[in-house]
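Below, each chain spelled out in residue letters.
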Amino acid sequence: MIDSKSAVSRVVELGEREASVLENSRLRVMIDDAGAMTPELSGRRSSGEWLNAHWQPWFRANSGAAYSDSEHGPFWKSKLLYQIAGNFPCLPSFGPGHIIDGVHMPPHGWTANEKWRYLGNDTGESGVVWTLSVLDSPSSQIPLSFSKIDALLPNQGVHYTSLRVQNRGVTDIEICAGNHNVVGAPFLSAGCRISGAAKRWITPPPGGEFDTTTRLALGAEFASLDKAPLLKGGKTDLSTVPPPLGYTDYAAGALDRSAPLCWLATVNPALKMAYISFSPGPAAHEDDDIVLYFNNLWMQYGGRPFTPWAPYEGGPDQTYCLGVESAVSAYAYGLEYSRELHQLLGDPTTVVIPAGGHKTLRSAVLFESYEGDVLDDGVAEAKAEGETLVCIGKGRASFTVDTGFEVLRGLENRHGIDP
């Protein structure tokens, strides 16, 4: 059935940022050219109004001025934090800025920092709406090109993305890749439930950005989110979102190699809405897929008494959000660390882009209402059944999705996304 609300347009949003807006009867998504930031992913509630799931930081710069290290660095610390919002792709690194292959790699890679070149959009006869954008690496020493299709399918509350990485060089290149999905108010609140496909969890070892902000034991493994070890002894339940605690924590969860789907869910039982990201899992990928082997939780519950999280150095952290991220990376410690570690909990921490070849990250985010109390305690299992994403909780909730990403593949074939 054709969705009469399907539309795509170009806008200039807050901060004079050029952006694309895709919309249908169930979902609206806004994607900035700068860093491919997605400050809006709004779902239609059962009562009819729109609700935005994505994080919009209070400190996001909206003057319209280009980032300057000398002018803005003292407060924002990086270009990434100057423009950060919602979801964004992290390639070829997932983690802090560092020097790799003689190149300065910015935090979370070029895809999250550079301005993408918008090439066009379309609303097809079937009601599929999509945009196409491209980006070249700014360094010839890591000769990668990125091309991205964002799409909505009619009558589905799902944002689909195809991000192809092309190696223009003569040697293979090891990279990290991730989707940095971050949810915030009004969707995020205490009592939300978190769950994912990962079967084994671990906190990052000492030596990283969470050393001074954590309530969790560092370098600790645990079997489930409800039994995470605390730094001062005892355990806590990470699967239930608390109110602001004065801590900022991180945990990585590894998928079994037999997992057909990589998924990560946040459910707000008070609003009866579920935010679920998914992509092909280790057991279901094709040769050209970039597989995300890890669920990653960035629990920003108020543990950073420094700018830009706080309004001044030593001030109270005013930032409450939740990163429900998936990646192929070693924690969020960056490309160099991931290459050196090679594996974490038995899963690879990098993906190889072959010389002269490409690989593609196909992923999606669903944001939909559900009926009754079936997901009030979270999602215990998510699986693809035909053209349906089935989520098992107290009961069973089913959502119409393109589980095989066939529409994306068709758009790739017809329009080409190699830069």
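My aim in this report is to walk through the structure given alongside it, one point at a time. Within every chain, residues take consecutive numbers counted from 1 along the sequence as written. Local features in this predicted model are restricted to residues whose pLDDT is 70 or higher, and side-chain atom pairs enter the listing and the counts only when it is 80 or higher, whereas totals over whole chains, interfaces and linings include all residues. Side-chain metrics rest on all non-hydrogen atoms present in the structure, leaving aside hydrogens and water.

## Here we look at the pattern of salt bridges
Short version of the rule: Whenever a carboxyl oxygen of Asp or Glu lies within 4 Å of a side-chain nitrogen of Lys or Arg, that contact is scored as a salt bridge. For every residue, the accessible area (1.4 Å probe, protein chains only) is compared with the maximum for its type, and the residue is labelled buried under 20%, exposed over 50%, or partly exposed between those bounds.
Taken as a whole, this structure holds 26 salt bridges when the rule is applied. For R28, the salt bridge is made with E23, and the minimal N-O distance between the two is 3.3 Å. On the accessibility criterion, E23 (22% relative accessible area) is partly exposed. Via salt bridges that share partners, R164, D288, D289, R362 and E412 belong to a single interconnected network.

## A closer look at the side chain of E368
Put simply, the rule reads: Counting from the N terminus, the helices are DSSP H or I runs at least four residues long and the strands are E runs at least two residues long. Polar contact criterion, stated in full: a pair of N or O atoms within 3.5 Å, where within protein one must be able to donate a hydrogen and the other to accept it, and residues adjacent in sequence count only if both atoms are side-chain atoms. The contact criterion used is simple: two residues touch if any of their non-hydrogen atoms lie within 4.5 Å.
In this fold, E368 is placed in strand β29 (residues 358–369). With a relative accessible area of 6%, E368 lands in the buried category. A distance of 2.9 Å separates a polar atom in the side chain of E368 from a polar atom in the side chain of R26. The residues contacting E368, other than those within four sequence positions of it, are R26, Q156, G157, K272, M273, A274 and F399.

## Considerations on helix α4 (residues 406–415)
Taken as a whole, α4 has its buried residues at L408, R409, G410, L411 and E412. Looking at the buried residues of α4, the elements they touch are β10 (129–136), β11 (144–152), β12 (158–167) and β29.

## Describing the sheet that holds strand β32 (residues 396–400)
Worth spelling out the cut-off: In this analysis, strands are considered paired if DSSP registers two or more bridges between them. What counts as an axis is a line fitted to C-alpha atoms, over the stretch in contact for a helix, and the angles between N-to-C directions run from 0 to 180 degrees.
In spatial order, the strands read β30-β31-β32; together these three strands make up an open sheet with antiparallel pairing. Single-partner strands in this sheet number two, and they are β30 (381–385) and β32. Sheet twist, expressed as the mean angle between neighbouring strand axes with direction ignored, is 20 degrees. The sheet contact formed by β30 and strand β31 (residues 388–392) spans five bridges and is antiparallel. Bridge pairing in β31 links A382 to C391.

## Things to note about helix α1 (residues 69–76)
Selection criterion: Taking the helix axis as origin, the arc is that swept by the directions to the C-beta atoms.
If you check which residues of α1 are buried, you get H72, G73 and W76. Axial view of α1: buried residues confined to an arc of 115 degrees, hence all on one face. Residues of α1 that are exposed and point over 90 degrees away from its buried face: S70, E71 and P74.

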